[in-house]
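Fold and geometry: a report
So the chains spell out like this:
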Amino acid sequence: MAVSRFPVVELDGLPDDLHDRVGVIAEKSGFVPNIFRALGHRPAELRAFLDYHDALMDRADGLTKAERELVVVATSGANHCTYCVVAHGAILRIRAKDPELADKVSSNPWQVELDERGRAIVELALALAQDSHLFGEQHLAAAREAGLTEDEIWDVGAITALFAMSNRLAHLTALRPNPEFYGMGR
């Protein structure tokens, strides 16, 4: 079955800078995630995606790496994005050291048991992912009340926005998750 509705590029077909960058990810995971193969046929867009992704997801301060993935999984679940739920669910399972959390958050984020901080992160992400036109001060106040800093609130919003875009690209391309993701962190 096709990975995407659109052309895909194998690792060796990427420009040198992207080959090196994606190659590091492939070496670490043992495979090339299909998102990079799908976006690879438009190298400038893949570079922009990776740059913004890394700026948000690899920061040393603020949200933990597991909390960042929690945002991705909640957003992607709300947007019914199979690729991102499966791929980032695997990363969340590993980073949170919890084999069930990603499945619970992606399928029913309102009933999963989370601490106050985790609940605030998920609620903020969902408010932006689902009905962003209704987003307002009440959502910010709840996040602040739970102890999130202004920078952390920004990160939740920016990660939600990036993955809302990513979710839509996955829908456009009919992007299929790599089979390897399903068993990771279980």
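The paragraphs below set out a description of the structure included in this document. (Residues numbered from 1 in each chain as written. Predicted model: local features only at pLDDT ≥ 70, side-chain atom pairs only at ≥ 80, totals over all residues. Heavy atoms only, no water.)

1. Details of the nonpolar core
Membership of the largest hydrophobic core comes to 53 residues, with the highest contact counts inside it found for Tyr83, Leu148, Val156 and Ile159. Examining the composition of this core, we find that seven residues originate from one element, helix α9 (residues 150–173), more than from any other. Apart from residues no more than four positions distant in its own chain, isoleucine 159 is found in contact with Leu56, Met57, Leu63, Arg68, Val71 and Val72. (Core = buried A, V, L, I, M, F, W, Y, C linked by side-chain atoms within 4.5 Å. Buried < 20%, exposed > 50% of the residue type's maximum accessible area, 1.4 Å probe, protein only. Helix = DSSP H or I, 4+ residues; strand = E, 2+ residues; numbered from the N terminus. Contact = heavy atoms within 4.5 Å.)

2. A closer look at the packing of helix α4 (residues 65–78) against α9
Between α4 and α9, the shortest axis-to-axis distance is 9 Å and the interhelical angle comes to 45 degrees. Accordingly, the angle class assigned to the pair α4 and α9 is oblique. Read as a crossing pair, α4 and α9 show a hand that is right-handed. Packed against α4, whose contacting residues are Arg68, Val71, Val72, Thr75 and Ser76, the element α9 presents Asp155, Val156, Ile159, Thr160, Phe163, Ala164 and Asn167 at the interface. Grouping the amino acids of the contact of α4 with α9 by side-chain chemistry returns six nonpolar, four polar and two charged. (Axes fitted to C-alpha atoms, helices over the stretch in contact; angles between N-to-C directions. Parallel < 35°, antiparallel > 145°, perpendicular 65-115°, else oblique. Left-handed = near helix turned anticlockwise from the far one by under 90°. Nonpolar A, V, L, I, M, F, W, Y, C, P; charged D, E, K, R; others polar.)

3. A short note on the pattern of salt bridges
Per the counting criterion, the structure on display carries 17 salt bridges. When the shortest N-O distance is used, the salt bridge between arginine 42 and glutamate 45 registers 2.8 Å. Using a relative accessible area of 47% as the deciding quantity, one classes arginine 42 as partly exposed. A salt bridge links arginine 59 to aspartate 61; its shortest N-O distance comes to 2.9 Å. Exposure remark for arginine 59: the relative accessible area of 27% places this residue in the partly exposed category. Each of Arg59, Asp61, Arg68 and Asp155 takes part in a single network of salt bridges with overlapping partners. (Salt bridge = Lys/Arg side-chain N within 4 Å of Asp/Glu carboxyl O.)

4. Re the packing of aromatic side chains
The geometry of an aromatic ring pair is captured by two quantities: the separation of the ring centres and the angle between the planes. Scanning the entire structure with this criterion turns up two aromatic pairs. Geometrically, the ring pair formed by phenylalanine 31 and phenylalanine 181 is edge-to-face, given 5.0 Å between the ring centres and 85 degrees between the ring planes. On the criterion of sequence distance, the pair formed by phenylalanine 31 in the loop between α1 (16–29) and α2 (34–39) and phenylalanine 181 in helix α10 (residues 180–183) is long-range, its members being 150 residues apart. Across the pair, exposure class does not vary: phenylalanine 31 and phenylalanine 181 are buried alike. Their ring planes at 90 degrees and their centres at 6.2 Å tell us that tyrosine 83 and phenylalanine 181 sit as a pair that is edge-to-face. Taken as a pair, tyrosine 83 in helix α5 (residues 82–96) and phenylalanine 181 in helix α10 lie far apart in primary sequence, 98 residues in all. Grouping residues by exposure puts tyrosine 83 and phenylalanine 181 together as buried. One aromatic cluster in this structure is built from Phe31, Tyr83 and Phe181. (Phe/Tyr/Trp six-rings, centres within 6.5 Å; stacked < 30°, edge-to-face > 60°.)

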